[in-house]
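Structural overview for review
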Amino acid sequence: MTIMNPYGMSRRHFMKHVAGAATAIPTMNFLSHLEANAAQVTKQQKACILIWMPGGPPTIDIWDLKPGSKNGGEFKPISTKGDMQISEHMPKTAQVMDNLSLIRSMSTREADHARGTYYMHSAYVPNPTVVHPTFGSVVSYELGSRRKELDIPSFISVGGSRGSAGFLGMAHSPFVVSSNGTIQNADINMAEKQRLGQRLDMLQVLESGFIKSKRGESANSHKDIYKKAVNLMTSSQMEAFKVDQEPAAVKDAYGTGNFGQGLLLARRLVQVGVPFVEVSASVGSWDLHQGVFDSLKNQNLPQLDKGISALVTDLKQRGMLDDVTIVCMGEFGRTPRINQNVGRDHWAASWTAMVGGGGLKNGQAIGKTDSDGIGIEGKSYLPGDLWATVAHSLGIPLDIVHTSKRGRPMKLANGGTPIKELIG
């Protein structure tokens, strides 16, 4: 049986183990344990929500407008509650920008979708000799494994997985769910619960013997996945996936599409202790080689605006915003020059990422592009600097070094440096 997946742990793969566990494993009375730890489960904990904009968003039309430039396009900038201006089509987000910041001098050399996605998720450029863990997997490894009260996966991807745990092991791969939180085969009936205890004991005996026979890392990973599958089936934390339980007003505030409901699910997950949640900003294509302004104005930005503003407001009202770091970005930006199809092409040299919450010094724009948006004036930042900043906000030591399967040392966030303006 092949259990390692270089692109992460799919819901299908995980649920295959869940279904197997449901028929092969037994009952344990987890309810008393969960009740006893309820207070611990619900306490505020550090977490990160990554809003991933697949395709490469035109940040020059969202976060770093260039009025008066031939590259400026159709949109006008508007003032915000922070010390910066953003697109006129993000009016709700403008009202919460004092809780968010912009890094307007992101710069890489990866303008290919796959390479840029890998780089932005892991802080490492692709290398055929090693699979680097996505930063969500790093957070799962560093924080999730310490949260003994957490029964559900510690890295959850809402709407699609775009990374792998690499050498950190499959237990830290993203667990992929849909935006409505539905997980098929995760529920077990009463008869199955009554048999669960006996079968768990049997499985433990079989697994222990198999692992002792030195069958490699896969055997341990298999055991970890079964353990998580059983936890998932029996935990009261499964309630976190039930977005439908939210009041209609809350659901409407986020937006009833996949993106808005995915963000609402993310809030519910971090609330029960999940340290890293990635949400795909599936509000239409961000790969806007044509019709960029019509797409942004009529489809993408209204949903993005509603979702981000609702998430920030909700976290703040619940007293969670200082503990939850928000990151919003894609794999690169898009060309300042507008092409013949009224679109923008791939551009990695100068673009913007948004960060916020997490106890950072927010409400500011870090870095600067020139008047046409083509180049960066002053210091530029790499993915490692962004993730080092997030690591700082999560309380993960920056001097951590992981070791690949071949013994190669890998610095946290590729040795990036936290952005000093954000951390004080």
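Everything numeric in this text was worked out from a predicted model, so none of it was measured.

Conventions and cut-offs
- Residues numbered from 1 in each chain as written.
- Predicted model: local features only at pLDDT ≥ 70, side-chain atom pairs only at ≥ 80, totals over all residues.
- Heavy atoms only, no water.
- Helix = DSSP H or I, 4+ residues; strand = E, 2+ residues; numbered from the N terminus.
- Buried < 20%, exposed > 50% of the residue type's maximum accessible area, 1.4 Å probe, protein only.
- Contact = heavy atoms within 4.5 Å.
- Areas by Shrake-Rupley, 256 points an atom, 1.4 Å probe, with all protein chains shown as cover.
- Axes fitted to C-alpha atoms, helices over the stretch in contact; angles between N-to-C directions.
- Parallel < 35°, antiparallel > 145°, perpendicular 65-115°, else oblique.
- Left-handed = near helix turned anticlockwise from the far one by under 90°.
- Salt bridge = Lys/Arg side-chain N within 4 Å of Asp/Glu carboxyl O.
- Phe/Tyr/Trp six-rings, centres within 6.5 Å; stacked < 30°, edge-to-face > 60°.
- Nonpolar A, V, L, I, M, F, W, Y, C, P; charged D, E, K, R; others polar.
- Polar contact = N/O pair within 3.5 Å; in protein donor to acceptor, adjacent residues only side chain to side chain.

**Considering the overall build of the chain**
- Each helix and strand counted, the chain has 14 helices and 14 strands in total.
- By the burial criterion, 56% of the 424 residues in the chain qualify as buried.
- The long-range fraction of contacts in the chain, counting pairs at least 24 apart against all pairs at least 6 apart in sequence, stands at 75%.
- Per element, the accessible surface of the chain, about 17800 Å² overall, is 50% carbon and sulfur.

**Here we look at the environment of N300**
- With respect to the secondary-structure elements, N300 resides in helix α12 (residues 292–317).
- Along the sequence, N300 and S282 sit 18 residues apart, while their C-alpha atoms lie 8.5 Å from each other.
- If we skip the residues at most four places from it in the chain, N300 touches V283, G284, S285, W286 and S295.

**Some thoughts on the packing of helix α11 (residues 258–271) against α12**
- At a closest axis distance of 9 Å, the pairing of α11 and α12 adopts a crossing angle of 20°. The angle between α11 and α12 places the two elements in the roughly parallel class. Regarding α11 and α12, the two cross each other, and that crossing is right-handed. Between α11 and α12, the contacting residues are F259, L263, L264 and R267 on the first element and Q303, L304, G307, I308, L311, D314 and L315 on the second.

**Considering the pattern of salt bridges**
- In this structure the tally under the stated criterion is 13 salt bridges.
- The network of salt bridges with common partners includes E246, R267, R268, D314 and R318.

**Concerning helix α6 (residues 135–142)**
- Burial analysis of α6 places seven of its eight residues in the buried class, which makes it a mostly covered element.
- Among all positions in α6, only F135, G136, S137, V138, V139, S140 and E142 are buried.
- As for α6, its buried residues are in contact with α5 (113–122), β5 (155–158), β7 (276–280), α13 (383–394) and β13 (401–403).

**A closer look at the packing of aromatic side chains**
- In the structure shown here, the tally under the stated rule is four aromatic pairs.
- Ring geometry for F75 and F293: centres 5.4 Å apart, planes at 80°, overall edge-to-face. Residue F75 is found in the loop between β1 (47–52) and β2 (77–79), and its partner F293 is found in helix α12; the two are separated by 218 residues along the sequence. Accessibility classification places F75 together with F293 in one group, the buried group.
- Taken together, a centroid distance of 5.3 Å and an interplanar angle of 85° make the contact between F155 and F276 edge-to-face.

**Overview of the packing of α5 against α13**
- At their nearest, the axes of α5 and α13 sit 8 Å apart, and the two run at 35° to each other. Residue-level inspection shows Y119, M120 and H121 of α5 in contact with α13, the latter providing P383, L386 and W387.
- Looking at the contact of α5 with α13 residue by residue, the class counts come to five nonpolar, one polar and no charged.

**Things to note about α5**
- Those residues of α5 that sit buried are G116, T117, Y119, M120, H121 and S122.
- N-capping of α5 is provided by D112, with a side-chain oxygen placed 3.1 Å from the backbone N of A114.
- Directly after α5, the chain includes A123, whose backbone phi takes a positive value near 75°.

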